[in-house]
Amino acid sequence: MGLHAMTNANFPVDAEGHTYHVGVKPGEVANRIITVGDPARAILIGSYLDGGNVIDATNFKKYLNYVSKDIVIKTSPRLFTTVTGRYKGVPVSIVAIGMGVPMMDFFVREVRAVVQGPLHIIRFGSCGSLGRARAGDMIVATDSMACSRNYNYFHNDEDQELSETDFAELMVKGEGPYTVSTTCPADAELTDALVAALHAHVPTGVEVHKGLDITADSFYSSQARQDPAFRDQNAHLFTYLTEAYPTAECLQMESFGLLHLAKSARPLPSGSKSIRTAACAMVFAHRVQNTWVDPALVEALQAKASFAILDAVIAVEIDAKELHPEEGSV
Ligand code: R1P
């Protein structure tokens, strides 16, 4: 893959204004966005956009660079996939970012740079349940915190697992093998719209839970998965997290990055909030029962939840003047 000529080493864009990683330029991304990890999920949701019924989402690779009169799909050299069209007449984009907070950072900053006016972003991912939600249920994040490997803790070659008490004491002091951040809230109005839409759409038997999200910087060590090949000092991490944070419901790898950047975004020139966010995830694994969801259930849930999230992302008003400040109307 050739390297595109970029200008501005501080915030690289090419001659046409495409950002370096997500590969989008002004006019290519809507103010209302659903972000997912998996490009196949993005194409599936794209097939529910107005005029998207011609997309066969079971063969998503065929659509990674697709243009119709209704929908444009772009895959960047770094494999961000952006699907843009309309849902019930309202412009919407779906962006697949891959995995992890660094990918969320590329996405939020580069999209912020090319879209004028407020951004309403809902993450639709998958997660592990810490207890209440069963595999196949949905969890909506009321707030989120980061759980990260404390690299400095591992500077020596110590290979003795900490006792539960020592682990907890170090964690409380912020000196343990993992660090936890303060929590960051999701946007209340967007989250209420998301919960209401999920209740209206999810298949019978699927429960919608609300709670604290924990965003880990590894699928493995900082999610308390045991891997004998590495010194991870995480045998007591799961117990610590569930006892210290009783409202915690899910473990996944991106939502905190989204909520944190929304909180850190400076207001728009109009004074409006720059980025409003909500996040939800399908429970793929139950970490206590050590169970995994049935793929057939995921297929049904993902389809239904996609409509809910599309309804939610268009539910909260954006003032037309904010979308087109020069013209003052759409
Ligand atoms: C790990 O398997 C991935 O799945 C979850 C995690 O956050 C991580 O990205 O979310 P997605 O299904 O959105 O990728």
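Attention here is on the structure that accompanies the text.

Definitions and limits used
Residues numbered from 1 in each chain as written. Predicted model: local features only at pLDDT ≥ 70, side-chain atom pairs only at ≥ 80, totals over all residues. Heavy atoms only, no water. Helix = DSSP H or I, 4+ residues; strand = E, 2+ residues; numbered from the N terminus. Buried < 20%, exposed > 50% of the residue type's maximum accessible area, 1.4 Å probe, protein only. Axes fitted to C-alpha atoms, helices over the stretch in contact; angles between N-to-C directions. Parallel < 35°, antiparallel > 145°, perpendicular 65-115°, else oblique. Left-handed = near helix turned anticlockwise from the far one by under 90°. Contact = heavy atoms within 4.5 Å. Nonpolar A, V, L, I, M, F, W, Y, C, P; charged D, E, K, R; others polar. Near = heavy atom within 4 Å. Polar contact = N/O pair within 3.5 Å; in protein donor to acceptor, adjacent residues only side chain to side chain. Areas by Shrake-Rupley, 256 points an atom, 1.4 Å probe, with all protein chains shown as cover. Arc of directions from axis to C-beta. Salt bridge = Lys/Arg side-chain N within 4 Å of Asp/Glu carboxyl O. Core = buried A, V, L, I, M, F, W, Y, C linked by side-chain atoms within 4.5 Å.

So, on to the environment of Asp-38. Within the secondary structure layout, Asp-38 lies in the loop between strand E1 (32-36) and helix H1 (39-46). Classification of Asp-38 as partly exposed rests on a relative accessible area of 33%. Distance from Asp-38 to Thr-182, taken between C-alpha atoms, is 28 Å for residues 144 residues apart in sequence.

For any two helices packed against each other, the geometry is given by the interaxial angle and the distance between the axes. Viewed as axis vectors pointing N to C, H1 and helix H7 (residues 295-313) meet at an angle of 65 degrees, and their least axial separation amounts to 10 Å. In this view, H1 runs roughly perpendicular relative to H7, as classed from their interaxial angle. The chirality of how H1 crosses H7 is right-handed. Of the residues in H7, those touching H1 at Arg-41, Leu-44 and Ile-45 are Gln-302, Ala-303, Ser-306 and Leu-310. Partitioned by chemical class, the residues of the contact of H1 with H7 number four nonpolar, two polar and one charged.

Contacts to the ligand come from Gly-37, Arg-41, Met-99, Arg-123, Gly-125, Ser-126, Phe-219, Gln-252, Met-253 and Glu-254. One of the side-chain nitrogen or oxygen atoms of Arg-123 is found 2.8 Å away from an oxygen atom of the ligand. The backbone of Met-253 places a nitrogen or oxygen atom 2.8 Å from an oxygen atom of the ligand. Surface burial for the ligand is 84%, taken as the share of its 340 Å² of free accessible area covered by protein chains.

This paragraph deals with helix H3 (residues 164-173). Listed in full, the buried residues belonging to H3 are Phe-167, Leu-170 and Met-171. Buried residues of H3, viewed axially, fall in a sector of 100 degrees; they line one side. Summarising the geometry of H3, the exposed residues directed more than 90 degrees from the buried face are Thr-165, Val-172 and Lys-173. On its buried face, H3 is in contact with strand E8 (178-180) and helix H5 (237-244). Gly-174, located one to two residues past H3, shows a positive phi value of around 80 degrees.

The next thing to look at is the pattern of salt bridges. Overall, the coordinates contain 14 salt bridges when judged by the stated rule. Taking the shortest distance from any N to any O, the salt bridge between Arg-123 and Glu-254 comes out at 2.8 Å. Here Arg-123, found in strand E6 (residues 119-129), pairs with Glu-254, found in the loop between strand E11 (248-252) and helix H6 (255-264); they are 131 residues apart in sequence, far enough to count as distant. The exposure class assigned to Arg-123 is buried, which follows from its relative accessible area of 4%. One salt bridge in this structure joins Asp-232 and Arg-149, with 2.7 Å as the shortest N-O distance.

As a further point, take the nonpolar core. Generally speaking, a soluble globular protein has its nonpolar side chains buried in company with each other. In terms of nonpolar packing, the biggest core is built from 46 residues, with Ile-34, Phe-124, Met-138, Leu-194 and Leu-198 touching the most fellow members. For this core, the element with the most residues is H7, which contributes eight residues. Non-local contacts of Leu-198, meaning those with residues more than four positions away in its chain, are made with Met-138, Val-140, Val-208, Cys-280, Ala-305 and Ala-308. With 25 residues, the next largest nonpolar core counts Phe-80, Met-104, Cys-184 and Ile-275 among its residues.

Taken by themselves, the reported measurements are silent on function.
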